[in-house]
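# Structural characterization, general
Each chain is listed here by its residues.
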Amino acid sequence: MSVSSSCSLSLFPFFSPCLCSLSSFFSTLLFSSCSPNSQSPIFTGILLSPAHPCFFAFSLHLPSFWRLPTLPSPMFSPLLASLFSLLSFSPPTVPVKPRAMSQKKIFLVVVAISTVSLLLHHGGHLSWTMEAFHLGCPALRSHPAPGLKPKHTNVAFLKTHKTASTTMQNLLFRFAERNNLTVALPVQACGHQFCYPRSFTSHFVHPHTLPPNIITSHMRFNKAEMQRLMPNDTIYVTILREPGSMFESLFSYYNQYCQSFKRVPNGSLEAFLGEPWRYYRPDEKDSMYARNTLTFDLGGDKDRPATDVAYARAFVAEVERVFSLVMIAEYFDESLVLLRHLLSWDLDDILYVKLNMRTLSSKRSLTPGLPAKIRAWNSLDARLYDHFNASLWRQLSALGPACVAREVRLLRRAQERLMRSCFGGRMPLLRSAAQIKNKDLRPWQPSGKVDIVGYDLPVNLSGGFSSLAQELCLKLIMPEVQYTRVLLRSQSIRYRRGYQLRPPQQSHPLQQPIRTGLPRHTQIHRSQPPPAAPGPASGTGSTSTSRPAAGTQGRTTKLGSSQTQAS
């Protein structure tokens with residue numbers, strides 16, 4: 001491309017991404033030539049090196065220079081310093097009058113400032129990059145981008161109870177669907193969880209969901225069986241919650257199901273904690289909700305005495321060896337930042353809406369002294385939480401507090417934009433199950449004493465949304481039981497289509513023979529069909545399984561290595 005040297009301006013490729021992103025806007029201002037001797041107030045020039053793939057000309061009325069918006073904030077001072085250093089480029093070979101050169105320098109400054117200002121208002125991704133430039137943080141680039149590691153797609157998330165794990169499960173379900181991944185789901189006899197509280201075995205996995213990339217439904221962790229099922233490069237993640245608030249939630253949520261809670265007069269948490277051994281039976285049905293629930297979910301011995309410090313230390317160390325990240329519910333967004341870095345995911349991959357929440361009237365405030373009693377009764381859970389809460393903050397410190405705070409801000413802004421787009425330009429209101437018209441969005445209610453709230457989509461959502469956008473908004477707020485059912489249906493359809501095209505010898509080893517129910521060793525009340533409606537075991541659903549026989553629920557020595565586990 002040849003242009004008159006008296007009107008060509010060269011910007012180094014430093015600005016090329018910014019300028020190329022505005023090519024459609026500037027295309028209307030393209031001029032084919034200009035005259036340096038013209039008295040017209042319009043100057044035009046090529047805004048990139050001729051070797052660069054992005055070319056366009058820009059025209060600007062000089063009188064409008066004085067009507068430019070306010071200069072960018074000080075965070076752009078390094079950028080502007082680089083800009084002004086460009087003004088010292090060598091003069092063109094053709095002599096140019098000093099006045100013309102001065103005008104060109106002014107023009108160059110105006111173009112750069114205008115470009116940055118426009119992108120600040122209209123380009124969210126640039127704002128991420130510029131904020132990172134100011135703080136010295138890595139830029140939040142999205143895939144595909146040169147230099148980024150591929151997204152890690154093999155993830156095992158141990159879904160613990162009353163820890164915001166349903167919100168995390170929804171995030172993983174949506175990630176799997178967007179990326180055409182397979183999620184391991186339970187066989188129908190197990191309901192929507194892997195026959196909890198039985199120790200996990202691969203026989204609990206529905207054959208149409210093999211081989212899996214992601215597993216995230218409730219289970220009692222069994223390391224050996226999980227490693228048998230999942231790919232070798234699987235990253236293991238789980239989440240914990242502060243023992244006081246978690247136990248209050250468990251006591252409220254399972255009050256009508258856990259016998260240790262039901263026998264407490266007037267459903268008094270204070271009475272239970274005053275004399276826990278008066279009400280607690282270690283070997284009875286649902287006792288895992290009444291003591292060290294996190295430890296039980298992780299495969300440990302919930303009834304190990306608090307005086308057995310050696311066991312507690314060994315158990316914490318084993319959890320740390322297996323799980324690459326242990327999230328903390330109280331710092332959910334900060335935990336997601338670490339997860340994003342660990343898995344090399346994009347910001348859009350960790351957007352969420354809080355699910356499975358109780359109303360304020362269903363929550364109890366802990367009176368003075370109760371938190372200490374809860375920690376003493378759940379000493380193993382308290383040790384787990386203290387250790388991994390400290391570990392989380394060490395990891396956040398290594399990433400950089402300022403950078404973490406920046407990513408949290410960007411995450412919350414992106415979530416707000418998504419929520420407003422899904423809910424008609426405003427933030428959604430929490431609704432009781434009775435107020436939600438769409439039955440696929442009604443959360444399960446554990447009892448009449450606890451009100452679990454959810455969301456409903458606007459009636460006129462379909463008016464301005466594509467079917468894909470409607471589905472995104474629907475899945476974003478879909479409760480666990482319904483989403484599990486939808487996902488199993490879609491994966492079964494995909495499985496059947498692929499099975500017809502697959503050679504007979506190519507199948508996952510766990511699919512031979514294909515099981516339509518539980519193996520014979522599983523303790524099921526055969527006279528009782530699987531329930532159609534969800535029940536209590538996960539907080540949003542139930543199983544049809546009976547519990548292990550007396551004396552077998554909590555006896556473990558290693559992570560998930562129960563002496564009574566299914567073979």
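Remember, it's a predicted structure, so these values are computed and weren't measured experimentally. (Residues numbered from 1 in each chain as written. Predicted model: local features only at pLDDT ≥ 70, side-chain atom pairs only at ≥ 80, totals over all residues. Heavy atoms only, no water.)

### Some words on the pattern of salt bridges
Pairing is possible between side chains that carry opposite charge, provided their charged atoms lie close to one another. Following the criterion strictly, the structure yields 20 salt bridges and no others. Residue Arg420 pairs with Glu416 through a salt bridge whose shortest N-O separation is 3.1 Å. Pair noted here: Arg420 and Glu416 are both in helix H17 (residues 401-422), with a separation of four residues, about one helical turn. In this structure Glu416 comes out as partly exposed when scored by relative accessible area, which is 36%. (Salt bridge = Lys/Arg side-chain N within 4 Å of Asp/Glu carboxyl O. Helix = DSSP H or I, 4+ residues; strand = E, 2+ residues; numbered from the N terminus. Buried < 20%, exposed > 50% of the residue type's maximum accessible area, 1.4 Å probe, protein only.)

### With respect to unusual backbone geometry
That bond from His143 to Pro144 is cis: its omega, -5°, falls within 30 degrees of zero. Phi is positive for Ser344, which is not a glycine, with a value near 55°.

### A few points about the packing of helix H15 (residues 370-377) against helix H16 (residues 379-399)
Where H15 meets H16, the axes come as close as 5 Å, and the angle between the chain directions of the two elements is 100°. The angle between H15 and H16 falls in the class roughly perpendicular. Together, Arg375, Ala376 and Trp377 of H15 and Ser379, Ala382 and Asp386 of H16 make up the contact between the two elements. (Axes fitted to C-alpha atoms, helices over the stretch in contact; angles between N-to-C directions. Parallel < 35°, antiparallel > 145°, perpendicular 65-115°, else oblique. Contact = heavy atoms within 4.5 Å.)

### Points about the pairing of strand E7 (residues 325-328)
Burial along E7 is two-sided: the face carrying Leu325 and Met327 and the face carrying Val326 and Ile328 are both buried. Strand direction decides the pairing type here: strand E6 (residues 235-240) and E7, joined by four bridges, are parallel. Its bridge partner being in E7, Ile239 is matched across the sheet by Met327. (Pairing = 2+ DSSP bridges.)

### Focus: empty space enclosed by the protein
Rolled over the atoms, a probe as big as a water molecule pinpoints where empty space is left. In this structure the tally under the stated criterion is four cavities of 30 Å³ or more. Space inside the largest cavity adds up to approximately 90 Å³. Together, 13 residues line the largest cavity, and Leu355, Asn356, Pro443, Val453 and Pro479 are the ones closest to its centre. Classifying every residue of the lining of the largest cavity gives seven nonpolar, four polar and two charged. Approximately 40 Å³ is the volume attributed to the second largest cavity. As for the second largest cavity, its lining consists of Pro243, Met246, Phe247, Leu250, Thr293, Ile374, Asn378 and Asp381. A total of four residues in the lining of the second largest cavity trace back to one element, the largest contributor, which is helix H8 (residues 243-253). (1 Å grid on protein atoms, 1.4 Å probe; cavity = no way out; pocket = protein on both sides within 12 Å on 5 of 7 lines; lining within 4 Å. Points joined across faces, edges and corners; volume = space filled by probe spheres on them. Nonpolar A, V, L, I, M, F, W, Y, C, P; charged D, E, K, R; others polar.)

### What about the nonpolar core?
Membership of the largest hydrophobic core comes to 114 residues, with the highest contact counts inside it found for Ile215, Phe272, Phe323 and Leu336. The greatest single-element share of this core, amounting to eight residues, is contributed by H17. Contacts of Phe323, omitting those with residues within four sequence positions, involve Leu158, Phe221, Tyr236, Val237, Thr238, Leu298 and Leu559. (Core = buried A, V, L, I, M, F, W, Y, C linked by side-chain atoms within 4.5 Å.)

### Observations regarding the packing of aromatic side chains
Per the stated rule, a full pass over the model turns up 24 aromatic pairs. Ring centres 5.2 Å apart and planes at 50° place the aromatic pair Phe221 and Phe323 in the tilted group. Taken together, the residues Phe221 in the loop between strand E5 (214-215) and helix H7 (223-229) and Phe323 in the loop between helix H13 (309-322) and E7 connect sequence positions 102 residues apart. A single burial state applies to Phe221 and to Phe323, both of which are buried. (Phe/Tyr/Trp six-rings, centres within 6.5 Å; stacked < 30°, edge-to-face > 60°.)

### Here's the deal with the packing of H13 against H16
Where H13 meets H16, the axes come as close as 10 Å, and the angle between the chain directions of the two elements is 45°. Relative to H16, H13 is oriented oblique. H13 and H16 meet at a crossing whose hand is right-handed. Contact residues: H13 offers Val309, Tyr311, Ala312, Arg313, Phe315, Val316, Val319 and Glu320, while H16 offers Leu380, Arg383, Leu384, His387, Phe388 and Ser391. When the residues that make up the contact of H13 with H16 are grouped by side-chain class, the tally is nine nonpolar, two polar and three charged. (Left-handed = near helix turned anticlockwise from the far one by under 90°.)

### Brief notes about the pairing of E6
Of all six residues in E6, six are buried, a share of seventy percent or more. Of the two faces of E6, both are covered, the one formed by Ile235, Val237 and Ile239 as well as the one formed by Tyr236, Thr238 and Leu240. Two elements, strand E3 (residues 155-158) and E6, share four bridges in a ladder whose sense is parallel. When the bridges of E6 are listed, Ala156 appears paired with Tyr236.

### Let's talk about the state of the cysteines
In this structure the tally under the stated criterion is three disulfides. Here Cys137 pairs with Cys403 through a disulfide, and the sulfurs are 2.0 Å apart. Across the S-S bond of Cys137 and Cys403 the torsion is about -95°, and the bridge reads as left-handed. On the criterion of sequence distance, the pair formed by Cys137 in the loop between helix H5 (124-135) and E3 and Cys403 in helix H17 is long-range, its members being 266 residues apart. The exposure classification of Cys137 matches that of Cys403, with both residues buried. (Disulfide = S-S within 2.5 Å.)

### Things to note about the environment of Arg364
Its location among the elements puts Arg364 in the loop between strand E8 (357-358) and H15. On the accessibility criterion, Arg364 (36% relative accessible area) is partly exposed. Each C-alpha atom, one on Arg364 and one on Ser245, is 9.3 Å from the other, the two residues being 119 residues apart in sequence. Contacts of Arg364, omitting those with residues within four sequence positions, involve Glu248, Phe251, Gly267, Ser268 and Leu269. One polar contact links the side chain of Arg364 to the main-chain carbonyl oxygen of Gly267, over a distance of 2.8 Å. (Polar contact = N/O pair within 3.5 Å; in protein donor to acceptor, adjacent residues only side chain to side chain.)

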